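Commentary on secondary and tertiary structure
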Amino acid sequence: MKKKVLALLSALVFCLILPLPASANSAEPPGLTVLVLDPPEDLHLSLTLTEEGAAPRTWPLKENSVLWENYYSFFGSYQAAWGTENALPATLLVEVGEESFSLPMDAEGFSRYNNLVTLDLAGKRLLYGEPWWRQPLLIFLRVFFTLLLEGLVFLLFRYGEKRSWVVFLLVNLVTQLGVNLCICWQYPTVGYYHDALSLGLLYYIPLEFCVLLVEMIAFPLLLKEYRKRRAVGYALVANLCSWLLGGMLLTYLPV
């Protein structure tokens, strides 16, 4: 036994006095996403950064599309690009078929860790951030489809009184708007965060589990048309269906 302990201690001491280098993944580098609404198929974007005393460097932006939106992303180890004080002169090259033009990018485009810029192709300009109507539209679509599905389940449970439907709308509007506002707060930019695993397993499912608990308490207390057991069963079935639909919506709809 003593020999085994001495051998183990010797191995630990040997490891300490003879360190070896190791490589591991770290957090993603700072990112820039250029959002383009309803872009042409032959649109290509490149980013050029110019450092004093060095030749300009150009990166083609990686393209990803979700329905009517395209995201052109740049994640660089070129750290000097980031930050308003140290930002390098940057130019966005826009190529559409045989036509091309360049747009200077202000330091504001590199002021955050994850930056979002919207390209207005028609006006040939850059808007820092997203259009004001984008998030309200996306929240409306997600809530609408969720209410539609849970409303069908509500009918299957044979709720028909006007008061029951008022309760259904009020409870679901509060819970679903809460979920969507949390998603917008936690995932403020598109591009890198449009990740079903990250958004779904680590964030969306825990939120929906909280919604399930709230609705399993609220519906039995507020729905008077049938017994409380039916209200609890409805909350459980509706939220299970909503989880499936919500997962699909977060995968196929812009975030």
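Residues numbered from 1 in each chain as written. Predicted model: local features only at pLDDT ≥ 70, side-chain atom pairs only at ≥ 80, totals over all residues. Heavy atoms only, no water.

All right, on to the sheet that holds strand S8 (residues 114-120) then. Sheet architecture is open: 5 strands sit in the order S4-S5-S1-S8-S9, paired in mixed fashion. Strands at the two margins of the open sheet, each flanked by one partner only, are strand S4 (62-66) and strand S9 (125-128). The average undirected angle you get between the axes of adjacent strands in this sheet is 30°. The sheet contact formed by S8 and S9 spans 4 bridges and is antiparallel. Pairing of Leu-119 across the sheet is with Leu-126, part of S9. (Pairing = 2+ DSSP bridges. Helix = DSSP H or I, 4+ residues; strand = E, 2+ residues; numbered from the N terminus. Axes fitted to C-alpha atoms, helices over the stretch in contact; angles between N-to-C directions.)

As a further point, take the nonpolar core. Soluble globular proteins tend to pack their nonpolar side chains together in the buried interior. Within the largest apolar cluster, 20 residues are counted, with the highest numbers of intra-cluster contacts made by Val-34, Leu-45, Leu-47, Leu-61, Leu-92, Met-105 and Leu-119. Ranked by residues supplied to this core, first place goes to strand S2 (residues 43-49) with 4 residues. Setting aside chain neighbours within four positions, we find Leu-61 in contact with Val-34, Leu-45, Ser-46, Leu-47, Tyr-72, Ser-73, Phe-74 and Leu-92. Counting 16 residues, the second-largest nonpolar core is a separate cluster that includes Val-143, Phe-154, Tyr-159 and Ala-231. (Core = buried A, V, L, I, M, F, W, Y, C linked by side-chain atoms within 4.5 Å. Buried < 20%, exposed > 50% of the residue type's maximum accessible area, 1.4 Å probe, protein only. Contact = heavy atoms within 4.5 Å.)

The next thing to look at is the sheet that holds S2. Within the open sheet, the 4 strands sit side by side as S3-S2-S6-S7. Their pairing is antiparallel. Strands at the two margins of the open sheet, each flanked by one partner only, are strand S3 (57-60) and strand S7 (99-105). Neighbour-to-neighbour, the strand axes of the sheet open up by a mean angle of 25°, direction not taken into account. Of the strand pairs in this sheet, S2 and strand S6 (residues 90-96) are connected by 7 bridges, and their pairing is antiparallel. Its bridge partner lying in S6, Leu-49 is registered against Ala-90.

This part takes up the packing of aromatic side chains. Counted by the stated rule, this structure contains 12 aromatic pairs. With centroids separated by 5.5 Å and ring planes inclined at 70°, the aromatic side chains of Phe-144 and Phe-145 adopt a geometry described as edge-to-face. With relative accessibility at 41%, the residue Phe-144 sits in the partly exposed group. Chaining the aromatic ring pairs together yields one cluster made of Phe-154, Phe-157, Tyr-159, Trp-165, Phe-168, Phe-219, Tyr-226 and Tyr-234. A cation sits over an aromatic face here: Lys-124 above Phe-101, 5.0 Å from the ring centre. The positively charged end of Arg-230 is found above the aromatic ring belonging to Tyr-226, 4.0 Å away from the centroid. (Phe/Tyr/Trp six-rings, centres within 6.5 Å; stacked < 30°, edge-to-face > 60°. Lys NZ or Arg CZ within 6 Å of the ring centre and 35° of its normal.)

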